[in-house]
Amino acid sequence: MAGAMATPETAESLKTEVNRLNRELRAFVAVALQHGLRDYCATRHPELTAELEKYYAHSQLRARQKYDRVLTRIREVSGLQGAAGDTAERTYYRNEQDNVAYIEHALKNKRFVLGGIWVAPQYRGKGVAHKILRVLVEAVDETDLSIELYHEPFGEEGLGVNMLEAFYNRHGFTRHDAAPGGMVRFPRSPLDLYTDK
């Protein structure tokens, strides 16, 4: 018996199923690559592996470019002179006479990771940390970068854990599964201005 002709509905159904299976294969290979199974993926699905690796490399480069733009922008805090630290994992702030503050930061998993803000004791309670953090959150919103925060109180004269968390909450940070043991702030879009908070 000759092969039966597929109806348009059957052909469309098969096309939908093939597309679904291709998406699942793509997701499987992406997860396998992230878990160190590159050789397996390259052997079984070389074209897909090459495509995903190219995407990841571009994605990492874009995150680095965004991070660098944020680092440039966070040096511009009103009334303070910002400068990169020797290790590039700190940005220091000073006024005309003193070192006033610094922040610890890094780029990990395509996110800006904030290790904390330290303010010199004589400048605490004067809004310095607020000014620095406000510039930071504006910069990450402009570049569409998330912030992960892992911050413990600095010394006895700093804010306690609850007050520290409340301070960061006011700047849009929340506890989230995306940052186990820390807090996260996802970038805000212009549409967020019109949502209830």
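Along each chain, the written sequence defines residue order, and numbers are assigned to residues from 1. Given that this is a predicted model, residues contribute local features only at a pLDDT of at least 70 and side-chain atom pairs are listed and counted only at 80 or more, while totals for whole chains, interfaces and linings are drawn from all residues. With hydrogens and water stripped out, all remaining heavy atoms of the structure feed into the side-chain values.

Novice: Which residues make up the overall build of the protein chain, and what values do they have?
Specialist: Helix and strand counts for the protein chain stand at 5 helices and 7 strands. When the elements of the protein chain are put in sequence order from the N terminus, they spell out α-α-α-β-β-β-β-α-β-α-β-β. Contacts are assigned to residue pairs with any non-hydrogen atoms lying within 4.5 Å of each other. Within the protein chain, contacts between residues at least 6 apart in sequence are counted, and of these 48% link residues at least 24 apart. When the accessible area of the protein chain is evaluated, it comes to approximately 12900 Å², of which 54% is carbon and sulfur surface. A run of H or I in DSSP becomes a helix once it reaches four residues, and a run of E becomes a strand once it reaches two; helices and strands are each numbered from the N terminus. Surface exposure here means Shrake-Rupley accessible area, sampled with a 1.4 Å probe, where a residue is shielded only by the protein chains that are shown.

Novice: So what's going on with helix α5 (residues 161-169)? Residues and values would help.
Specialist: Residue burial is assigned from relative accessible area. The probe radius is 1.4 Å, only protein chains are included, and a residue is buried under 20% of its type maximum, exposed over 50%, and partly exposed in between. Of the positions making up α5, those classed as buried are Leu164, Phe167 and Tyr168. An end-on view of α5 places all buried positions within 95° of arc, on one side of the element. Pointing more than 90 degrees away from the buried face of α5 are the exposed residues Asn162 and Met163. Where α5 is buried, its residues meet β4 (111-119), α4 (128-143), β5 (147-149) and β7 (183-185). Taken from the helix axis, the directions to the C-beta atoms give the arc we talk about.

Novice: Outline α4, listing residues and values.
Specialist: The terminal C-alpha atoms of α4, which comprises 16 residues, lie 23 Å apart, in line with the 22 Å expected from a rise of 1.5 Å per residue. Residues of α4 that are buried: Val128, Ala129, Ile132, Leu133, Val135, Leu136, Val137, Ala139, Val140 and Thr143. The length a helix should cover is 1.5 Å for every residue beyond the first.

Novice: I'd like a rundown of the environment of Met183, residues and numbers included.
Specialist: Within the secondary structure, Met183 is located in strand β7. Of the residues examined, Met183 reaches a relative accessible area of 4% and is grouped as buried. Every residue in contact with Met183, bar those within four places of it in the chain, is listed here: Ile147, Glu148, Leu149, Glu165, Tyr168, Asn169, Phe173, Thr174 and Arg175.

Novice: Got a sec to walk through the side chain of Lys66? Specific residues and values, please.
Specialist: Summarising the element assignment, Lys66 is placed in helix α3 (residues 46-73). Only four residue types enter the tally: Lys and Arg on the positive side, Asp and Glu on the negative side, with His and both chain ends excluded. Note on definitions: salt bridges are taken to be side-chain nitrogens of Lys or Arg within 4 Å of carboxyl oxygens of Asp or Glu. Buried within the structure, Lys66 lacks any salt-bridge partner; Asp144 is the closest side chain of opposite charge, at an N-O distance of 4.3 Å. Pairs of N or O atoms within 3.5 Å make up the polar contacts considered here, provided that, within protein, one atom can donate a hydrogen while the other can accept it, and that residues adjacent in sequence are counted only when both atoms are side-chain atoms. Reaching out from Lys66, the side chain makes a polar contact with the backbone oxygen of Thr143 at a distance of 3.4 Å.

Novice: Before we move on, can you summarise the nonpolar core with the specific residues and values?
Specialist: Counting 34 residues, the largest nonpolar core has Ile74, Phe112, Leu114, Leu133, Leu136 and Tyr168 as its most contacted members. Contributing elements (two or more residues each) for this core: α3, β3 (99-108), β4, α4, β5 and α5. Not counting the four nearest positions on each side in its chain, Tyr168 is found in contact with Leu114, Gly116, Ile117, Leu133, Leu149, His151, Phe173 and Met183. Listed in part, the 7 residues of the second largest apolar core include Leu33, Cys41, Leu48 and Leu52. We define a nonpolar core as any set of buried Ala, Val, Leu, Ile, Met, Phe, Trp, Tyr and Cys residues linked to one another through side-chain atoms lying within 4.5 Å.

Novice: Got a sec to walk through the packing of helix α1 (residues 8-34) against α3? Specific residues and values, please.
Specialist: Axis definition: a line fitted to C-alpha atoms, over the contacting stretch in the case of helices. Angles run 0 to 180 degrees between N-to-C directions. For the pair α1 and α3, interaxial distance at closest approach is 10 Å and the crossing angle is 65°. The two elements α1 and α3 cross, and the hand of that crossing is right-handed. On α3, the residues that touch Leu25, Arg26, Val29, Ala30, Leu33 and Gln34 of α1 are Leu48, Thr49, Glu51, Leu52, Glu53 and Tyr56. Classification used: nonpolar for Ala, Val, Leu, Ile, Met, Phe, Trp, Tyr, Cys and Pro, charged for Asp, Glu, Lys and Arg, polar for all others including Gly. Considering only residue class, the contact of α1 with α3 consists of 7 nonpolar, 2 polar and 3 charged. Each helix crossing is assigned a hand: it is left-handed if the near helix lies turned anticlockwise from the far helix by less than a right angle, otherwise right-handed if that turn is clockwise.

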